[in-house]
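Observations on the three-dimensional arrangement
The primary structure of each chain is shown beneath.
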Amino acid sequence: MRSSPAPSFAPSGPAGAPAPGTAEDQEARFLSDLGQRVRTMRAVRAMSRKMLSQTSGLSERYIAQLEGGQGNVSIILLRRVATAMGVRLEDLIAAVESPPDWPVLRDLLRDASPAQVAEAKRVLTGGAAPDGTGPQRVALIGLRGAGKSTLGRILAERLDWPFVELNREIESENGLQVSEIFAIYGQEGFRRMEQGALRRLVEQPGPMVLATGGGIVAEPLTLDLLLSSFFTVWLKARPEEHMRRVREQTARGVARPRLPDNDDALRQLGAVLLSREPLYGRARAVLDTADQTVAETAARLTGLVERHFGSTLPR
Ligand SMILES: Nc1ncnc2c1ncn2[C@@H]1O[C@H](COP(=O)(O)OP(=O)(O)O)[C@@H](O)[C@H]1O
Ligand SMILES: O=C(O)C1=C[C@@H](OP(=O)(O)O)[C@@H](O)[C@H](O)C1
Ligand SMILES: [Mg+2]
């Protein structure tokens, strides 16, 4: 259980079901699950222990103990950890059932059909009813160096659709670079701005190819909005390839956050990819870009999108 990439944001085990074992066993499992959730959410957000330590004020050693399921963290310190990662405290411990109707809604949703869940989400988010054809919108997701920007631009050109880079939208809306937003407002602030920018794009009419930022899958509401409003494609590669591509870009002078050139950086990238795989895997389509040239991948991506939209594409 601990070694598998548990889907984030979901409490482990059926809610309310009594856990087997003695009270001590259950408590040890609770702490271990809590630690696993902290580790997974930190990895999904690509935060090193050092970064989390700096933003939360907890020592790296303390965070390591927490993630290892050792020691009974105080609720205030756990709150600091949650705030530093931009997650809800209840997502770290278990679902908190605060609104009085929550248990009823939860039970209804658990037994609902996919169509009922989709309708409930549409009502709750104030979204428009689907018109059956679906908007001509494609979003590319994946880890840094997946090819979202490169392939997105080529795809948009071939389809003659506008190309939008979400991180550039966020930068122009807020008058700050992504790195500055992270430095000033932290992960939580960036994810809020990212969600706002995505909402505004979704409200715009017309077709679009969108290149997202690698961490867009970290915030459940943002991911849901993306999945429900775009034909999403996960551009997949191996950690070494992500690493090599980003390094080659940096060497060519392409402006992007650097990746340190060491084994630890590769290990971290691998851990981030592993933790995000269940989230990236929610895309409607997956395109493996490993051992492929840009031209080959671009041709396959264009074919994939054309097959999906079929006759609705202008000829
Ligand atoms: N098969 C491939 N698909 C996409 N990009 C590739 C491929 N092989 C090599 N690359 C290179 O990898 C880099 C991908 O970078 P980029 O498009 O900026 O990724 P992202 O926007 O996902 O971070 C580019 O320099 C591109 O030329
Ligand atoms: O993977 C990530 O956590 C991030 C990827 C970046 O986007 P790119 O994938 O465009 O580099 C950017 O959104 C931010 O620095 C966080
Ligand atoms: Mg990019």
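Here the structure is a predicted model, which is why all the values come from computation and not from measurement.

Some words on the UniProt feature "binding site: ATP" (unreviewed entry) in the protein chain
Mapped onto this structure's residue numbering, the UniProt feature "binding site: ATP" (unreviewed entry) falls at Gly145, Ala146, Gly147, Lys148, Ser149, Thr150, Arg256 and Gln292. Residue placement: Ala146 occurs in the loop between strand S1 (137-141) and helix H8 (148-159). If sequence neighbours within four positions are ignored, Ala146 has contacts with Leu235, His242, Arg245 and Thr289. Take Lys148: it is sitting in helix H8. Owing to a relative accessible area of 8%, Lys148 belongs among the buried residues under this scheme.

Concerning the site of ligand 2
Near ligand 2 the following residues occur: Ala46, Arg144, Lys148, Asn167, Phe182, Phe190, Arg191, Gly213, Gly214, Gly215, Arg256 and Arg276. At 2.9 Å from an oxygen atom of ligand 2 is found a side-chain nitrogen or oxygen belonging to Lys148. Among the elements that take part in the shell around ligand 2, helix H10 (residues 178-203) stands out by supplying 3 residues, more than any other.

Details of the environment of Leu34
Mapped onto the secondary structure, Leu34 falls in helix H1 (residues 23-44). Take Leu34: its relative accessible area is 3%, and that puts it in the buried class. In the structure, Leu34 is positioned 58 residues away from Leu92 in sequence and 6.3 Å away in space, judged by C-alpha atoms. Setting aside anything within four residues of it in sequence, one finds Leu34 in contact with Leu66, Val73, Leu78, Leu92 and Ile93.

Some details on the site of ligand 1
Within the structure, ligand 1 sits among 18 residues, and Gly145, Lys148, Ser149, Thr150 and Thr297 are positioned closest to it. A distance of 3.4 Å separates a nitrogen atom of ligand 1 from a polar backbone atom of Thr289. Contact between ligand 1 and Gln292: a nitrogen atom at 2.9 Å from a main-chain N or O atom of the residue. Relative to its unbound accessible area of 580 Å², ligand 1 is 87% covered by the protein chains. At the level of elements, H8, helix H12 (239-252) and helix H14 (294-309) are the ones that each hand at least two residues to the shell around ligand 1. A per-element tally of the shell around ligand 1 places H8 first, with 4 residues. Here the residues of the shell around ligand 1 are counted per class, giving 4 nonpolar, 9 polar and 5 charged.

What counts and how
- Residues numbered from 1 in each chain as written.
- Chains lettered and ligands numbered in written order.
- Predicted model: local features only at pLDDT ≥ 70, side-chain atom pairs only at ≥ 80, totals over all residues.
- Heavy atoms only, no water.
- UniProt positions renumbered as here; feature names shortened; annotations may be inferred.
- Helix = DSSP H or I, 4+ residues; strand = E, 2+ residues; numbered from the N terminus.
- Contact = heavy atoms within 4.5 Å.
- Buried < 20%, exposed > 50% of the residue type's maximum accessible area, 1.4 Å probe, protein only.
- Near = heavy atom within 4 Å.
- Polar contact = N/O pair within 3.5 Å; in protein donor to acceptor, adjacent residues only side chain to side chain.
- Areas by Shrake-Rupley, 256 points an atom, 1.4 Å probe, with all protein chains shown as cover.
- Nonpolar A, V, L, I, M, F, W, Y, C, P; charged D, E, K, R; others polar.

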